[in-house]
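Structure at a glance
What follows is each chain in one-letter form.
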Amino acid sequence: MTDKWNATRLPDLTGRTAVVTGANSGIGFAAAEALARAGAHVVFAVRDLARGGAAAAKVSGSTEVRRLDLADLDSVREFAAGWDRPLDLLINNAGVMMLPEQRTKQGFEMQFGTNHLGHFALTNLLLPYVTDRVVTVASGAHRFGDGVIHFEDVNLRGRYTPTRAYAQSKLANLLFTLELQRRLTEAGSPVRALAAHPGWAATNLQSHHANPLMRGAMGVGNRLFAQSDQAGAQPTLYAASQDLPGASYVGPAGLGEMRGAPTLVGRSAAASDPEAARRLWTLSAELTGVDWGLKPVSRP
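Note that the structure is a prediction, hence the values are computed from the model and not measured.

Definitions and limits used
- Residues numbered from 1 in each chain as written.
- Predicted model: local features only at pLDDT ≥ 70, side-chain atom pairs only at ≥ 80, totals over all residues.
- Heavy atoms only, no water.
- Helix = DSSP H or I, 4+ residues; strand = E, 2+ residues; numbered from the N terminus.
- Buried < 20%, exposed > 50% of the residue type's maximum accessible area, 1.4 Å probe, protein only.
- Contact = heavy atoms within 4.5 Å.
- Areas by Shrake-Rupley, 256 points an atom, 1.4 Å probe, with all protein chains shown as cover.
- Phe/Tyr/Trp six-rings, centres within 6.5 Å; stacked < 30°, edge-to-face > 60°.
- Lys NZ or Arg CZ within 6 Å of the ring centre and 35° of its normal.
- Expected span 1.5 Å × (residues − 1).
- Core = buried A, V, L, I, M, F, W, Y, C linked by side-chain atoms within 4.5 Å.

Scanning the protein from N- to C-terminus turns up nine helices and eight strands. Counting the 300 residues in the protein, one finds 57% classified as buried. Nonlocal contacts in the protein, meaning residues at least 24 apart in sequence, comprise 71% of its contacts between residues at least 6 apart. Element-wise, carbon and sulfur atoms account for 53% of the exposed surface of the protein, whose accessible area totals about 12,200 Å².

Here it is, written out as structure tokens:
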């Protein structure tokens, strides 16, 4: 139980570099701000450079802004191709939540394509540079929907619902973390893969729900029950900075994991299935054209 841990207890991160996807708002911004305040050089990896620049300007510390659209694999490749130095922390934070049915540039269901496939490709392309850990932001919603990966059609054609698609994408985040850690261990790498979830944090994610009634209900819930985005970032920061085993999953310690200080939490049986994790990795590599990225790289 880590009942008193918060971002003020981050270690000195001077000299370390972190990439935070979706750092312009919500828990991504809160995490980026805390990391920079602790001394890290933080790269805001964002779709909109103007919004990213405005967010970075609010942060006290060393920052830069680079464009990254996780719904476009060409953008992911361009971001990775421009990276040429050691990377201590990769925070796979960006995401979309319970949208009307949409497609990414390459034709994937938007939530699976953005939340999982974009981060899968980004991680593997950057992995030769990663020196410490990869933290992927999942969700307690991985238990919702059907509770499985629809391997026969991850794009959910003809049976799309916002909740089913979101739950599948968050389950994919946890299975990706599981298989990534297995591969890192097998390769003898010191890099660790971990996952975290924010509980119920008041961010702009909820404002995009496909159902207007649910948008309204979530807005009321944000005002009455949710914790702040700063509190929602605590599990991410804990996973990014503390000495935890690979494949650990961090979330809030409070009732229902909705709020509270960060602690290790459980996950569904489906999110713990190593065979499903391997199968998802194989499928993701086929869909993205990007596979296991841990290869030697010459550094200056």
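After presenting the structure, the write-up continues.
In this section: the packing of aromatic side chains. Taken as a whole and assessed by the stated rule, the structure comprises six aromatic pairs. Ring geometry for Trp5 versus Tyr238: centroids 5.1 Å apart, planes at 85 degrees, classification edge-to-face. Taken together, the residues span a long stretch of sequence, with Trp5 in the segment before β1 (17-21) and Tyr238 in helix α8 (residues 234-241) at a distance of 233 residues. One exposure class covers both Trp5 and Tyr238, and it is buried. Clustering of aromatic rings is evident, with ring pairs tying together Phe120, Phe176, Trp281 and Trp292. The ring of Trp83 has Arg85 lying over it, and the distance from NZ or CZ to the ring centre is 4.4 Å.

The next subject is the side chain of Thr104. Here Thr104 lies in the loop between β4 (87-92) and α4 (110-126). Among residues more than four places away in sequence, those in contact with Thr104 are Ala71, Glu109, Met110, Gly113 and Thr114.

Backbone geometry at Met98 places phi at a positive 50 degrees, although glycine is not the residue there. Inspection of the secondary structure puts Met98 in the loop between β4 and α4. Exposure remark for Met98: the relative accessible area of 6% places this residue in the buried category. Of note in the backbone geometry, Leu156 takes a positive phi value of approximately 55 degrees without being a glycine. Mapped onto the fold, Leu156 is located in the loop between β5 (130-137) and α5 (162-186).

Take α5 next. With 25 residues, α5 extends 36 Å from end C-alpha to end C-alpha; this agrees with the ideal 36 Å at 1.5 Å per step. With 19 of its 25 residues buried, α5 lies for the most part within the structure. Of the residues one or two after α5, Gly188 is the one with positive phi, at around 75 degrees.

The next thing to look at is the nonpolar core. Counting 48 residues, the largest nonpolar core has Val19, Phe79, Leu87, Leu122, Leu126, Ile149 and Leu180 as its most contacted members. Of all elements in the fold, only β2 (41-46), α3 (73-81), β4, α4, β5, α5, β6 (192-196) and α9 (274-288) reach the threshold of two or more residues within this core. Examining the composition of this core, we find that seven residues originate from one element, α5, more than from any other. Once you skip the residues sitting within four places of it in the chain, Val19 turns out to touch Val43, Ala45, Phe79, Trp83, Leu87, Leu89, Leu90 and Ile91. If you look at the next biggest cluster of nonpolar residues, it comprises 36 residues, including Val46, Ala55, Tyr238 and Ala240.

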